[in-house]
Amino acid sequence: MQGRLSAWLVKHGLIHRSLGFDYQGIETLQIKPEDWHSIAVILYVYGYNYLRSQCAYDVAPGGLLASVYHLTRIEYGVDQPEEVCIKVFAPRRNPRIPSVFWVWKSVDFQERESYDMLGISYDNHPRLKRILMPESWIGWPLRKDYIAPNFYEIQDAH
């Protein structure tokens with residue numbers, strides 16, 4: 001079943017894949033990494049002016065990594081804002097997705113956390129560096145194939 005936004009994107013020739021609806025009835029779309037930045041700008045202009053959250057997850061051991069964006073269309077006088085969930089999948093070997101920092105500034109720390117935990121590089125992000133783990137940390141702790149070290153070095157502990 002195609003949702004309202006998916007129909008609008010098809011009408012305007014924008015390539016995507018409908019993934020259906022979640023348990024709350026929110027439409028979920030898949031966008032290719034190479035199309036994500038331009039579609040993000042279009043969605044912002046279309047009215048999705050609020051990025052509610054961004055997260056990422058490891059789809060399967062050795063499989064794809066996913067970056068997920070929850071967008072809301074906030075309008076004056078509308079009690080029930082329209083929402084959409086966008087999923088952008090990237091290959092595990094070189095996971096690169098365009099950053100949407102310049103569209104929604106609130107994605108700053110969220111994309112950094114996805115980079116820190118899963119190793120997804122967000123192209124054109126102004127400050128893409130580790131946010132939770134030390135800069136010297138090796139690996140991506142939330143990947144399903146991550147092997148946790150059997151020791152932890154505590155530096156400068158008093």
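Residues numbered from 1 in each chain as written. Predicted model: local features only at pLDDT ≥ 70, side-chain atom pairs only at ≥ 80, totals over all residues. Heavy atoms only, no water.

An unreviewed UniProt entry lists the chain under the name NAD(P)H-quinone oxidoreductase subunit J, chloroplastic, with Diplopanax stachyanthus as the source organism. Regarding the chain, the UniProt comment filed under Sequence similarities (unreviewed entry) reads as follows: "Belongs to the complex I 30 kDa subunit family." According to its UniProt record, the chain has this under Subunit (unreviewed entry): "NDH is composed of at least 16 different subunits, 5 of which are encoded in the nucleus." (UniProt positions renumbered as here; feature names shortened; annotations may be inferred.)

Asks: Would you explain the sheet that holds strand β2 (residues 27-30) in this entry?
Replies: Pairing is mixed in the open sheet, where 5 strands are placed in the order β1-β2-β5-β4-β3. Each of the sheet's edge strands pairs with one partner strand only, and the pair in question is β1 (17-21) and β3 (50-58). Across the sheet, the mean angle from the axis of one strand to that of its neighbour is 20°, orientation sign disregarded. Across 3 bridges, the pairing between β1 and β2 is antiparallel. If you follow F21 over to β2, its bridge partner there is E27. Helix α1 (residues 4-11) rests against β1, β2, β4 (65-73) and β5 (82-90) of the sheet, and its axis sits at about 40° to β2. (Pairing = 2+ DSSP bridges. Helix = DSSP H or I, 4+ residues; strand = E, 2+ residues; numbered from the N terminus. Axes fitted to C-alpha atoms, helices over the stretch in contact; angles between N-to-C directions. Contact = heavy atoms within 4.5 Å.)

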